[in-house]
Amino acid sequence: MKRVVITGAGTINALGHTVPETYEAMREGRCGIGELEMRDVDRLAIKIGGQVRGYKADTCFNRQQLALYDRFTQFALIAAREAVKQSGLEFSGDLAAKSGVVLGTSGGGMQTLDENYRSVYGEGKNRVHPFVVPKLMNNAAASHVSMEFNLKGPSFTVATACASSNHAMSQAFQMVRSGMSPVMVTGGSESMLCFGGVKAWEGLRVMSKDACRPFSANRNGMVQGEGAGVFVFEEYEHATARGADILAEVAGFAMSSDASDIVMPSKQGAARAISGALADGRINPEEVGYINAHGTGTAANDKTECAAVADVFGQHADTLMISSTKSMHGHLIGGTGAVELLACIMALREGVIAPTIGYQEADPECALDVVPNEAREADVDVVLSNAFAFGGLNAVLALRKV
Amino acid sequence: MNVKDKVIEIIAEQAVLDPSDVTMDSTLESLGIDSLGLVESIFSIEEAFDISVPFNANEPTQSEFDISSVASIIAGIETLKAQQS
């Protein structure tokens, strides 16, 4: 089996339009969640979200491109540009033929769906733009990334709700590890902050009206975010041979299915994914210094996740740090694991653990070191990123310092 | 149909029971209604009475809307109807 390393990272999210901006915000414990700005916001009960602000699509893409790119595709391309540029890779010949792109998304082109449903149902129009289908399809982002960077190998989209990005990166990891591809571009993207997207989440009664406060006893639900995270996964020898700067090693992963409930999480399912990732990477539980939690800020997730971590790590659960950066950037649904992997890389590379902000009251059912409110300096060698989706589909990735 | 009968009909349908099996002191738990069933019942109540029920599934017991029994749910709807009419 080959070793797999990360040689490029890119993002756009509510905390920043680049990786350095996002790291800075995470170090400062800044909150990217605010009042939603969108059409018909007065008809929403939930009026907050982690929107990407100060973003002008027409400075990144031309008119022809914008006719084809839903906002989730735009985010994926912006993040991919930053990641590929950092890697220093150019794809041609045999490298291009074998390298591909696997991205996660849950909703795909939701903005396009929302606008066009409004147009035909609400406004009674009988004609839609010819590119509605290629714009809204879930694989649009992956396909446009493949086109922009000449990635001609295995490429597809993974949709497992809130675990989409982690499942996607797990697939990319397997492809590089098995020797199938020398390089895979991977991560995820989501832009569900449109009227219909927020309205649908409102219906489930799990959204907070004021803030995302994971693990805090007074938490009252999740807050939606948007954006993308994209990474370059590269075979270790390939990366070292060209003198690439290695950000981290992808050491292990595991996936599991609760097979129990469509929305309620299971401690056993989560614990099996966490312990599976350790076993896959031959990682001693005591080596794990930091976990980027799924940490949605709902009563159901946070209790279950803490119990799963306590089960897997035993006494070491009291020593390791676990934080939820969703408190800052919101829940990016299908893109969330990708943006959260940045907190893992920051922990390994910069020795800074991103905090769980908005933390106000200790909860005895979440009695772990959740790095409340302020980032912390710490030297960690192995970190995990948890993702536990609706539908009971779980994926956990382990990264190691190189 | 009065508020009481309509609420009992909604809850009985959710619990897959005959309305005669739902009493004023029944709790949702005793009727076998889980958290998803509760959210669905509240949606049905909002639709039936054209009201907006303040309810967050993350803190069901802290809501101003008391869901501890069928009687408390009916009382809550009466209050909301009066406030929101």
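These numbers come from a predicted model, not from an experiment.

Engineer: I tried to follow the overall build of chain B on my own but got confused; where do I start?
Structural biologist: Along the backbone of chain B there are three helices and zero strands. Here the C-alpha radius of gyration of chain B, 12 Å, is about what a compact globule of 85 residues would show, namely 12 Å. By the burial criterion, 42% of the 85 residues in chain B qualify as buried. Long-range contacts, defined here as pairs at least 24 residues apart, represent 53% of the contacts in chain B between residues at least 6 apart. When the accessible area of chain B is evaluated, it comes to approximately 4,800 Å², of which 48% is carbon and sulfur surface.

Engineer: Help me understand the overall build of chain A in this model?
Structural biologist: Counting its secondary structure elements, chain A contains 14 helices and 14 strands. Taking 21 Å as the expected radius of gyration for a compact globule of 402 residues, we find that chain A reaches 20 Å, a close match to that expectation. With the C-alpha coordinates of chain A rotated into their principal frame, the extents come out at 65 × 55 × 40 Å. Burial analysis of chain A (402 residues in total) assigns 62% to the buried set. Sequence-distant contacts in chain A: of pairs separated by 6 or more residues, those separated by 24 or more amount to 77%.

Engineer: Honestly, the pairing of strand E6 (residues 183–190) of chain A in this entry has me stumped. Any pointers?
Structural biologist: On any regular strand, side chains alternate: one points to one face of the sheet, the next to the other face. Residue and element names in this part refer to chain A. With eight of eight residues buried, E6 lies mostly within the body of the structure. Burial along E6 is two-sided: Val183, Val185, Gly187 and Ser189 facing one way and Met184, Thr186, Gly188 and Glu190 facing the other are all buried. Bridge count for strand E4 (residues 100–104) against E6 is five bridges, and the pairing is parallel. Bridging from a neighbouring strand, Gly100 pairs with Met184 of E6.

Engineer: How do you make sense of the nonpolar core when you look at a structure like this?
Structural biologist: Soluble globular proteins tend to pack their nonpolar side chains together in the buried interior. Residue and element names in this part refer to chain A. Of all hydrophobic cores here, the largest spans 45 residues; its most connected members are Ile6, Phe231, Phe233 and Leu399. Looking at this core, the elements that each hand over two or more residues are strand E1 (4–13), helix H1 (19–28), helix H8 (164–177), strand E7 (227–235), strand E8 (248–257), helix H14 (336–350), strand E11 (352–353) and strand E14 (393–400). Considering each element in turn, this core owes the most residues, nine residues, to H14. There are two domains that each give this core at least three residues, and those are domain 1 (4–241) and domain 2 (251–400). With residues near it in sequence (within four places) discarded, Leu399 still touches Ile6, Ala248, Glu249, Val250, Ala251, Leu341, Cys344, Ile345, Leu348, Asp381, Val382 and Val383. Counting residues in each nonpolar core, the second largest holds 32 residues, with Tyr69, Phe75, Ile78 and Leu151 among its members.

Engineer: How should the interface of chain B and chain A be read in this particular structure?
Structural biologist: By a widely used convention, the size of an interface equals the accessible area lost when the partners come together. Contact residues are listed per partner, giving 11 residues for chain B and 14 residues for chain A. Interface area, chain B with chain A, both sides summed: about 880 Å², of which 46% is carbon and sulfur. Where chain B meets chain A, there are one salt bridge. Two residues, Arg205 of chain A and Glu46 of chain B, come together in a salt bridge whose shortest N-O distance is 2.5 Å. Between the two partners, chain B and chain A, sit seven residue pairs in polar contact (both at pLDDT 80 or more). Of the residues belonging to the side of chain B that touches chain A, the class tally is six nonpolar, three polar and two charged.

Engineer: In this structure, what is going on with unusual backbone geometry? I would like to understand it.
Structural biologist: Peptide bonds are, in most cases, trans, and in most cases residues other than glycine have a negative phi. Residues and elements named next belong to chain A. Even without glycine at this site, Phe215 takes up a positive phi of about 70°. In this structure Phe215 comes out as buried when scored by relative accessible area, which is 0%. Of note, Ala259 is a non-glycine position whose phi angle comes to about 50°, a positive value. Relative to the helices and strands, Ala259 is located in the loop between E8 and helix H11 (267–280).

Engineer: Can you walk me through the side chain of Ser87 of chain A in this structure?
Structural biologist: Residue and element names in this part refer to chain A. Within the secondary structure, Ser87 is located in helix H3 (residues 71–87). For Ser87, the side chain forms a polar contact with the main-chain oxygen of Val84, separated by 2.7 Å. Excluding residues that lie within four positions of it along the chain, Ser87 makes contacts with Thr7, Gly8, Val232 and Arg242.

Engineer: Looking at this model, I keep getting lost on the packing of helix H1 (residues 3–15) of chain B against helix H3 (residues 70–84) of chain B. Mind explaining?
Structural biologist: Each pair of packed helices can be summarised by the angle the axes make with each other and by the distance between the axes. All names here are of chain B. Running from N to C, H1 and H3 cross one another at 125°; their axes reach a closest spacing of 10 Å. By the criterion of interaxial angle, the relationship of H1 to H3 is oblique. Crossing handedness for the pair H1 and H3: right-handed. Contacts between H1 and H3 involve Val3, Lys4, Val7, Ile8 and Ile11 from the former and Val70, Ile73, Ile74, Ile77, Glu78 and Lys81 from the latter. Looking at the contact of H1 with H3 residue by residue, the class counts come to eight nonpolar, no polar and three charged.

Engineer: Could you clarify how one ought to interpret empty space enclosed by the protein in this entry?
Structural biologist: Using a probe with the size of a water molecule, rolled over the atoms, empty space left in the structure can be pinpointed. All names here are of chain B. Here the structure, examined in full by the defined rule, presents one cavity of 30 Å³ or more. Taken as a whole, the largest cavity holds about 40 Å³ of empty space. As for the largest cavity, its lining consists of Ile11, Leu28, Leu38, Ser41, Ile42, Ile45, Phe65, Ile67 and Ile73. Of all the elements, helix H2 (residues 35–49) adds the most residues to the lining of the largest cavity, at four residues.

Engineer: Just to check I follow, could you spell out the UniProt feature "domain: Carrier" (unreviewed entry) in chain B for this structure?
Structural biologist: Taking the UniProt record as the reference, the feature "domain: Carrier" (unreviewed entry) is found at residues 1–81 of chain B. Strand forms 0% of residues 1–81 of chain B and helix 49%; the C-alpha atoms that close the span are 15 Å apart.

Reading the values: the criteria
Residue positions are counted from 1 within each chain, in the order its sequence is given. By the order in which they are written, chains take letters starting at A while ligands take numbers starting at 1. Reporting of local features is limited, given that this is a predicted model, to residues whose pLDDT is at least 70; pairs of side-chain atoms are given and counted only at 80 or more, and all residues count toward the totals for whole chains, interfaces and linings. Side-chain figures throughout are based on the complete set of non-hydrogen atoms in the structure, without hydrogens or water. Numbering of helices and strands starts at the N terminus; helices are DSSP runs of H or I of at least 4 residues and strands are runs of E of at least 2. Between the two quantities, the radius of gyration covers C-alpha atoms and the globule rule is 2.2 Å times the number of residues to the power 0.38. In this scheme, a residue with accessible area under 20% of its type's maximum is buried, one over 50% is exposed, and one in between is partly exposed, where area comes from a 1.4 Å probe on protein chains only. Here a residue-residue contact requires only that any non-hydrogen atoms of the pair lie within 4.5 Å. Every accessible area reported is derived by Shrake-Rupley at a probe size of 1.4 Å, with residue values counting cover from the shown protein chains alone. Should DSSP find at least two bridges between two strands, the strands are taken to pair. For the purposes of this section, nonpolar cores are sets of buried Ala, Val, Leu, Ile, Met, Phe, Trp, Tyr and Cys residues that join through side-chain atoms within 4.5 Å. Domain start and end points were adopted from an automatic or database domain assignment. Note on terms: buried area is the combined drop in 1.4 Å-probe accessible area of two parts once they are placed together, counting the loss on both. The term salt bridge refers to a side-chain nitrogen of Lys or Arg lying within 4 Å of a carboxyl oxygen of Asp or Glu. Throughout this description, a polar contact denotes any pair of N or O atoms lying within 3.5 Å of each other; where both atoms belong to protein, one of them has to be capable of donating a hydrogen while the other can accept it, and for residues adjacent in sequence the pair is counted only when both atoms sit in side chains. Here the term charged refers only to Asp, Glu, Lys and Arg, the term nonpolar to Ala, Val, Leu, Ile, Met, Phe, Trp, Tyr, Cys and Pro, and the term polar to all other amino acids, Gly among them. For every element, the axis is a line fit to its C-alpha atoms; helices are fit only across the contacting stretch, and the angle between N-to-C directions ranges from 0 to 180 degrees. Angle categories: roughly parallel below 35 degrees, roughly antiparallel above 145, roughly perpendicular from 65 to 115, and oblique for all the rest. Should the near helix be turned anticlockwise from the far one by less than a right angle, the crossing is left-handed, and should it be turned clockwise, the crossing is right-handed. The pocket and cavity definitions rest on a 1 Å grid over protein atoms only: a 1.4 Å probe that fits but cannot leave marks a cavity, an open set with protein on both sides within 12 Å along at least five of seven lines marks a pocket, and residues lining either have an atom within 4 Å of a point. Grid points are joined across faces, edges and corners, and a volume is the space filled by probe spheres set on the points. UniProt positions are given in the numbering used here, feature names are shortened, and annotations may be inferred rather than shown by experiment.

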